[in-house]
Amino acid sequence: EEEEEEEADGTRRKTKRKKKAVDVGTGGGFPGLPLAVVYPHVSFTLVDSVGKKLRAVEDMAEELGLNNVRCHNGRAEEMTEDEPRKHKGAYDLCLGRSVTALPRFCFWIAELLRRGGDDEGSLVYIIGGDVETSVTSRVRCDVRID
């Protein structure tokens, strides 16, 4: 996908927009770090409210030489309030792994995902156990991993 950028002299040019993913509640860096290895052309923001976990994740990303990983110490639902220009509607993909009940998680991340047209952001949520019908009825793709 292309987007326009304005040059210092006021002229505009089309550039290819880099895809962006946010891993909310990354903990020890899963699934964000392995995906960053596999998809080096995607920019990953790994989010967790526990600073100690993120410091370990930052160390792992540095050790792996991952230039496409940034860490954000804080809560996902506050990202668009704290830095709206940087995070609001900025992400093509949101990743989560049993962070909280799915409806609550969706509320937290709603403002992070891109909106509009064919280029809306998507959610990949890894969850175990029984999932309510109200949730499964809105799923685009349900892949069992057992």
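Look a little higher up for the structure.
Residues numbered from 1 in each chain as written. Predicted model: local features only at pLDDT ≥ 70, side-chain atom pairs only at ≥ 80, totals over all residues. Heavy atoms only, no water.

*Asks:* What is the right way to look at a nonpolar patch on the surface in this model?
*Replies:* A grouping of V37, V38, Y39, M60 and L64 is seen on the molecular surface, where their side chains present a nonpolar patch of about 470 Å² in accessible area. Broken down by secondary-structure element, the contributors of at least two residues to the nonpolar patch are α1 (32-38) and α2 (51-64). Mapped onto the elements, V38 comes out in helix α1. (Patch = residues over 30% accessible without salt bridge, like charges linked within 9 Å, V, L, I, M, F, W, Y side chains within 5 Å. Areas by Shrake-Rupley, 256 points an atom, 1.4 Å probe, with all protein chains shown as cover. Salt bridge = Lys/Arg side-chain N within 4 Å of Asp/Glu carboxyl O. Helix = DSSP H or I, 4+ residues; strand = E, 2+ residues; numbered from the N terminus.)

*Asks:* What's the story with the sheet that holds strand β6 (residues 93-97) in this structure? I'm lost.
*Replies:* Two strands in a sheet stick together by hydrogen bonds in their backbones, pointing the same way (parallel) or opposite ways (antiparallel). Taken together, five strands build an open sheet; the order of strands is β5-β4-β3-β6-β7 and the sheet is parallel. The open sheet has two edge strands, β5 (69-73) and β7 (122-126), and neither has a second partner. Taking the axes of each pair of neighbouring strands and ignoring which way they run, one obtains an average angle of 20° across the sheet. As paired elements, strand β3 (residues 20-24) and strand β4 (residues 43-48) share five bridges and run parallel to each other. Residue V24 lies in a different strand from β4, and its bridge partner there is V47. Docked against the sheet, α2 engages β4 and β5, running at close to 170° with respect to β5. (Pairing = 2+ DSSP bridges. Axes fitted to C-alpha atoms, helices over the stretch in contact; angles between N-to-C directions. Contact = heavy atoms within 4.5 Å.)

*Asks:* It is not clear to me how the packing of aromatic side chains should be interpreted in this structure. Could you clarify?
*Replies:* Aromatic rings considered in pairs are described by the distance between their centres and by the relative angle of their planes. Taken as a whole and assessed by the stated rule, the structure comprises one aromatic pair. A centroid spacing of 4.7 Å and a plane angle of 45° characterise the contact between F105 and Y125, whose relative ring orientation is tilted. Of this pair, F105 sits in helix α5 (residues 102-109) while Y125 sits in strand β7, and the two are 20 residues apart along the sequence. One cation-aromatic arrangement involves K20 over Y91; the distance from NZ or CZ to the ring centre is 5.3 Å. Here R75 stacks its cationic end above the ring of W108, 5.8 Å away from the centre of that ring. (Phe/Tyr/Trp six-rings, centres within 6.5 Å; stacked < 30°, edge-to-face > 60°. Lys NZ or Arg CZ within 6 Å of the ring centre and 35° of its normal.)

*Asks:* What is the right way to read the environment of C94 from this model?
*Replies:* Position of C94 among the secondary structure elements: in strand β6. A residue is classified by how much of its surface remains accessible, and C94, at 0% relative accessible area, is buried. Put simply, C94 and L113 are 19 residues apart on the chain and 7.1 Å apart in space, counted from C-alpha to C-alpha. Here C94 is in contact with V22, V24, F105, I109, L113, S122, L123 and V124, once residues within four sequence places are set aside. (Buried < 20%, exposed > 50% of the residue type's maximum accessible area, 1.4 Å probe, protein only.)

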